[in-house]
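Residue-level listing of the chains:
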Amino acid sequence: MVMTLEVRDLEFRYRERPVLDGASLEIGEGEVFGILGPNGCGKTTLLKNLNRNLRPSAGSVIIDGQDVSEMAKKDIAQMVAAVPQANEIRFAFTVREIVAMGRMPFQRYFEGESGFDMQIVDQALKDVGLYDMRDFHINEMSGGERQRVIIARALAQTPKYLLMDEPTNHLDVNMQFEVLDLVHRLSREKGLTVVIVSHDLPMASRYCDRIALINEHKVMCCGTPEEVLTPENMRAVFNVDAELSVDSKTGKHTVLLHGVSY
Amino acid sequence: MSRIPGKRGRILICAAAVSVILVLAVLYDLTWATYRISFGEVFDVIAGNGTWGNRILVKDNAQRVLTGALVGAGLAACGCVMQALFRNPMASPYILGLSSGASLGAAVGLLFTIPFIPVAVATPILAFVTCLATMFIVYGIAHVGGSSHTETLLLTGIAVSAMMSAVVSFLTFIAGDKMEDIVFWGMGSLERAEWADIAVITPMVAAGIAVMACYSKSLNAIMIGDSHAMDLGIEVGKTRLILLLASTLVTAAAVAFVGAIGFVGLIIPHIFRIILGPDNRLLLPMSAFGGAAFLILCDYLAHMVTPGYGVLPIGVLTALVGAPYFIYLLRRRRNEVGWS
């Protein structure tokens, strides 16, 4: 069976106002998939519906053949991990304590972390390069480090799917590359399917295998960066004069933003 | 990178210290009777060979000490849970106005006898109802968009608390010959606790803390953010509701019988969080034991500080100790409190 994440005619209303109005997608195994669109287009809402943090008004989300609306939240968390938008953490949890929380979907009420759990936790810490900082306090770390801790926590869930909401927000430029390089590498090495919500066109074009463009609460188009990020589409959705090009030094995609489109 | 002493060491030292302090506090507090008996005499009674008179005295005192332990444990556990739920180290049953809310119901219970229902049962039920209402008012106003700012939370607590206190004052004013009862109870006192009360407080506090303990792991995830907790498979809305109900139950039980005793729920979890870190699986039981020890110690002191006037109401003492700590939090730990 092919492992896929399918969105079928998803509708989501917030107090009668439509946020998603019939969105359909199919995301394949091992893909890095970008969901792009302007602010307020419903892309974060779409992401939150994928692991049932929100429940749709109509339509369904099917993961590996199972409808998420019929699954327990805990069972979903065993397959799908997520990195929410960066937030401040005031409490002095250590890095290792936070990452160990990733094992919660696999534990019973009073069960603590087993030796096996801690092996997974330590591997996740090594994957993101934070093993040496495992005893640091999360509230004393930089934004980029904190983001990597949360990614490690998600990896500790040993997920098949990783959902990321604006993973590069508030990060310095070098950190943005570092975080996305890391996720891209993990996807290639572990066959992890990654879904990234972003409004950063150059970054998305560089790292995503396929992209869905969301506009006015609908999926406007879906495909490879070449298919989707055409000057016409970017003008229509983002109101910018832009073109997809290839970075001569790295050979990777980037988007040149010329300015506002008039 | 290891810190000294290691985490395990700190946990053991802390647990040992709390146990010793709790046991000593209980034994010393038992020495206060209508007149004071000696530590040795208390020990004799516990060993089973005290004099007849001392046995009665100690048994009598045990009501006060046990109530103090239950109330202290309950309030500290509530504080621990609420600070985590609101992601705010300033949260506590007293500061969020819950104690005032429960006071209203309890005052009604003390003033008006309801036919066929004994006061010891009616009072905590009424306290629970008004406490619950207060909880939803404060939570509804202050918790917007998944988090609560310290300012909004404290101000809402103050405003709602002021309203509830005004109604309690009104009831006190029209209380007639029951006025003294209400005033004394309002200051927070363990003096009038009886076995019948303990029979009601014990299941309420025990059930509340048991529920909190079941959710202490989920609470850790909620502390780092609601969306994090949801991503980890926790039904956040349900968990929050259950924990708020448990906190309300425990606060109502405490307030109904001993009045509004403040700051226990604020200080104790905060101190233990500094020593042990924020893991609620550890923090919750430690806070409960620590809260019990703290309140009994306060009771011991309350018997000592005003020799000419009888026993100082314990709420006065906890406020005298706790309010400066609250101010210290505001001044010195602005960052942690989220006070930019």
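Up top you'll find the structure we're talking about.
Residues numbered from 1 in each chain as written. Chains lettered and ligands numbered in written order. Predicted model: local features only at pLDDT ≥ 70, side-chain atom pairs only at ≥ 80, totals over all residues.

**What about the overall build of chain A?**
- When helices and strands are tallied, chain A shows 9 helices and 12 strands.
- Radius of gyration (C-alpha) of chain A: 19 Å, near the 18 Å computed for a compact globule of 262 residues.
- The principal-axis extent of the C-alpha atoms belonging to chain A is close to 60 × 45 × 35 Å.
- Split into buried and exposed, the 262 residues of chain A put 45% on the buried side.
- Expressed as a percentage of contacts within chain A between residues at least 6 apart in sequence, the contacts between residues at least 24 apart total 67%. (Helix = DSSP H or I, 4+ residues; strand = E, 2+ residues; numbered from the N terminus. Rg over C-alpha atoms; globule rule 2.2 N^0.38 Å. Buried ≥ 20, exposed ≤ 12 C-beta atoms within 10 Å, placed from the backbone. Contact = placed C-beta atoms within 7 Å.)

**What to know about the overall build of chain B**
- Across its full length, chain B holds 15 helices and 0 strands.
- A compact globule built from 340 residues would reach a C-alpha radius of gyration of about 20 Å, and chain B, at 20 Å, matches this within 12%.
- Residues classed as buried in chain B amount to 52% of the 340 residues present.
- Looking at chain B alone, contacts between residues at least 24 apart form 77% of all its contacts between residues at least 6 apart.

**Brief notes about the interface of chain B and chain A**
- In this assembly, 22 residues from chain B lie in contact with 22 residues from chain A.
- Where the side of chain B that touches chain A is concerned, the elements lending two or more residues are α9 (216–224) and α10 (226–231) of chain B.
- Looking at the side of chain B that touches chain A element by element, the count peaks at 5 residues for α9(B).
- Looking at the side of chain B that touches chain A, its residues break down into 9 nonpolar, 7 polar and 6 charged. (Nonpolar A, V, L, I, M, F, W, Y, C, P; charged D, E, K, R; others polar.)

**A closer look at the sheet that holds strand β2 (residues 17–27) of chain A**
Residues and elements named next belong to chain A.
- Read across the open sheet, the 4 strands follow the order β2-β1-β4-β5; overall the sheet is antiparallel. With partners counted over all chains shown, the strands left at the sheet margins are β2 and β5 (66–67), one partner each.
- Looking at chain direction, strand β4 (residues 58–63) and β5 are connected through 2 bridges and run antiparallel. Its bridge partner lying in β5, I62 is registered against D67.
- Strand contacts of helix α1 (residues 43–50): β1 (5–14), β2 and β4, with the helix running at about 120° to β1, the strand carrying the most contacts. (Pairing = 2+ DSSP bridges. Axes fitted to C-alpha atoms, helices over the stretch in contact; angles between N-to-C directions.)

**Regarding the packing of helix α5 (residues 119–142) of chain B against helix α8 (residues 195–214) of chain B**
Residue and element names in this part refer to chain B.
- Between α5 and α8, the least distance of the axes is 9 Å, while the angle of their chain directions is 35°. At the point where α5 passes α8, the crossing takes the right-handed sense. In contact with A120, V121 and P124 of α5, α8 contributes A196, D197, V200 and M204.
- Considered class by class, the residues forming the contact of α5 with α8 number 6 nonpolar, no polar and 1 charged. (Left-handed = near helix turned anticlockwise from the far one by under 90°.)

**Thoughts on the sheet that holds strand β3 (residues 32–36) of chain A**
All names here are of chain A.
- One open sheet accounts for 6 strands, arranged β6-β7-β8-β3-β9-β10; its pairing is mixed. Pairing within the sheet leaves two strands with one partner each, and these edge strands are β6 (80–83) and β10 (218–223). Ignoring strand direction, the axes of neighbouring strands in this sheet form an average angle of 20°.
- Taken together, the 5 bridges between strand β7 (residues 161–165) and strand β8 (residues 193–198) define a ladder with parallel strand orientation. Bridging across to β8, M164 finds its partner in I196.

**Comments concerning the pairing of strand β12 (residues 253–260) of chain A**
Residues and elements named next belong to chain A.
- Here strand β11 (residues 240–246) runs beside β12; their pairing, made up of 7 bridges, is antiparallel. From the neighbouring strand, V240 faces β12, where its bridge partner is V260.
- In this antiparallel pair of consecutive strands, β11 and β12, the connection spans 6 residues, and G251 shows a positive phi of 70°.

**Observations concerning helix α6 (residues 173–190) of chain A**
Residue and element names in this part refer to chain A.
- Between the first and last C-alpha of α6 there are 26 Å, a value that for 18 residues agrees with the 26 Å anticipated at 1.5 Å per step.
- Along α6, the residues that are buried comprise V179, L180, V183 and L186. One face of α6 carries all of its buried residues, which in axial projection span an arc of 120°. Turned more than 90 degrees away from the buried face of α6, the exposed residues are V173, N174, D181, R185, R188 and E189.
- Packing partners of the buried residues in α6 comprise α4 (115–127), α5 (143–155), β7, β8 and α7 (201–207). (Expected span 1.5 Å × (residues − 1). Arc of directions from axis to C-beta.)

**Quick word on the pairing of β7(A)**
All names here are of chain A.
- With 5 of 5 residues buried, β7 lies mostly within the body of the structure.
- Of the two faces of β7, the one carrying Y161, L163 and D165 and the one carrying L162 and M164 are both buried.
- Across 4 bridges, β6 lies against β7 in parallel orientation. Across the sheet, the residue bridging to V83 is M164, located in β7.
- With respect to chirality, the unit in which β7 leads through α6 into the neighbouring parallel β8 is right-handed. (Right-handed = clockwise from strand over helix to strand, strands pointing away.)

**Quick notes on the environment of A:R96**
All names here are of chain A.
- By the secondary structure assignment, R96 is in helix α3 (residues 95–100).
- Accessibility expressed as a C-beta count within 10 Å gives 21 for R96, which makes it buried.
- Each C-alpha atom, one on R96 and one on L125, is 7.9 Å from the other, the two residues being 29 residues apart in sequence.
- Apart from residues lying up to four places away in sequence, R96 is in contact with V121, L125, R134 and D135.

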